[in-house]
Amino acid sequence: MSRVSENSSSAALNFSLGKAKSKLEDLQMKGSTLKDISRPSDNPISNVEALSITSNMSDNKQYQRNADYALLHLNVTENSLEQLTDLLVKAKEIAISQSSDFYNADVRKNIANEVNQLRNLALSIANKRVGQKYIFSGYSTLTQPFDVSGKYNGDTGHTTVEVAKDFFLPLNLNGKEIFFSADDTSDKNTNPLKEIKQLENGETIENKRDLASTEGEKLHKRDNIFAQLESLSVALETNDAPLIQNLLEEFDDSISRLITLRTRVGSITSSVTNSKSRLESENIEGATRKSKLIDADIAEVFSDITKHQAVLKTTYKSSQGLMNQNLMDFLR
């Protein structure tokens, strides 16, 4: 029969008390934080997965902020295109009504003022800003894209924004593609004198007077919305009905171009919206998975706390006899 020393009994008692108190402390910590993992060593695999989910959710929140920013720009752009379309439709209605011989020169001069106001409104739309940034100046967002003469001072850049992982979308249109016709040759012909070929062939100046303009030494085609409105105003003031009629096709082309651009903006807006919805779904799924990994089962935790409190209490009582022994007990 082996002999159990007092030191061995005391060590066993301390071990049991320490183990019970440690377990109860761990459960109380889970109960106070409601987390099943308080240290990485508690569950390394779940902890790594939870950190990865947290990182993805953080990225998604930034993508959502990018999407909100893109939607702001796209909505302003779409509203601007809608206003421009309505403006050109109004100008076309004026051109249609004034291209006939029904109205006289005095009436046309009065209506020219309305066309001038339409041009001023178009210039205001062209220089629209979001915050301090111009939306139609390409990359040069701090540069006013159009001056009072209708000259474009921006560039042809498209700012892109990442609205999901490796998914970039443009959030702007530049002023050139909006206000200039698709066959504008100002950036294609190295020699601007090609534009006056008709003059060299002896054709009349009137055929080009509404679309040609000189700026310094350069001569380039001014087939843009501002030039069309200016031409309509000049034609009304000079009572030039044939010129008014010639402008109808130009207005049709510009309206068609704006509709195409609105379709493009709508498509991009739809993509951004879908991406944002997908990110929200991913965040919900990630939060659910993360909760399963690190959150404590409340009912289970508090049940275990009650159980281990009873265990600790029992351990104290069972060791009470040994702890209360004195010198006389050992001398008996």
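Residues numbered from 1 in each chain as written. Predicted model: local features only at pLDDT ≥ 70, side-chain atom pairs only at ≥ 80, totals over all residues. Heavy atoms only, no water.

### Considerations on the packing of aromatic side chains
Summed over the entire model, instances satisfying the criterion amount to 5 aromatic pairs. Between F179 and F226, the aromatic rings sit 5.2 Å apart at their centres with planes inclined by 5°, giving stacked as the arrangement. Pair noted here: F179 is in helix α4 (residues 175-179) and F226 is in helix α6 (residues 225-237), with a separation of 47 residues, a long-range link. Each member of the pair, F179 as well as F226, is classed as buried. Here a set of aromatic residues connected by ring pairs shows up, and it is made of F136, F146, Y152, F179 and F226. (Phe/Tyr/Trp six-rings, centres within 6.5 Å; stacked < 30°, edge-to-face > 60°. Helix = DSSP H or I, 4+ residues; strand = E, 2+ residues; numbered from the N terminus. Buried < 20%, exposed > 50% of the residue type's maximum accessible area, 1.4 Å probe, protein only.)

### Focus on the nonpolar core
One finds I178, F179, L232 and V272 to be the most contacted residues of the largest nonpolar core, which totals 50 residues. Of the residues forming this core, the biggest block, 12 residues, is contributed by helix α2 (residues 44-98). Once residues lying within four places of it in the same chain are set aside, the contact partners of L232 are A91, A95, V115, I244, L247 and F251. Core analysis: the next-biggest nonpolar cluster, separate from the first, contains 9 residues, L13, L17, A20 and L27 among them. (Core = buried A, V, L, I, M, F, W, Y, C linked by side-chain atoms within 4.5 Å. Contact = heavy atoms within 4.5 Å.)

### Regarding α6
If you check α6, its first and last C-alpha atoms are 18 Å apart, about what 13 residues at 1.5 Å a residue would give, namely 18 Å. The buried fraction of α6 amounts to 10 of the 13 residues, a majority that puts the element mostly inside the structure. Taken as a whole, α6 has its buried residues at I225, F226, A227, Q228, L229, S231, L232, S233, A235 and L236. In the core, the buried residues of α6 are packed alongside α2, α3 (105-126), α4 and α7 (241-294). Residue N239 follows α6 closely and has a positive phi angle near 60°. (Expected span 1.5 Å × (residues − 1).)

### Points about the pattern of salt bridges
For side chains of opposite charge, pairing can occur when their charged atoms come near one another. Going through the model one piece at a time under the given rule, you end up with 10 salt bridges. Among the ionic pairs, D26 bridges to K30, the shortest N-O distance being 3.8 Å. With D26 and K30 both in helix α1 (residues 6-33), this residue pair falls 4 residues apart, about one helical turn. Overall, D26 belongs to the partly exposed group, its relative accessible area being 24%. The class of K30 is buried, set by a relative accessible area of 18%. (Salt bridge = Lys/Arg side-chain N within 4 Å of Asp/Glu carboxyl O.)

### Things to note about the packing of α2 against α6
Here α2 crosses α6 at 30°, and the two axes come no closer than 11 Å. Comparing the axis directions of α2 and α6 gives the class roughly parallel. Relative to α6, the crossing made by α2 is left-handed. For the pair α2 and α6, the contacting residues are L87, L88, A91, I94, A95 and Q98 in the first and I225, L229, L232 and L236 in the second. (Axes fitted to C-alpha atoms, helices over the stretch in contact; angles between N-to-C directions. Parallel < 35°, antiparallel > 145°, perpendicular 65-115°, else oblique. Left-handed = near helix turned anticlockwise from the far one by under 90°.)

### Some words on unusual backbone geometry
Here the phi dihedral of L34 falls at roughly 60°; this positive angle occurs in a residue that is not glycine. For L34, the position within the fold is in the loop between α1 and α2. Here L34 falls in the partly exposed class, since its relative accessible area comes to 42%. The phi dihedral of N239 falls on the positive side, at around 60°, and the residue is not glycine.

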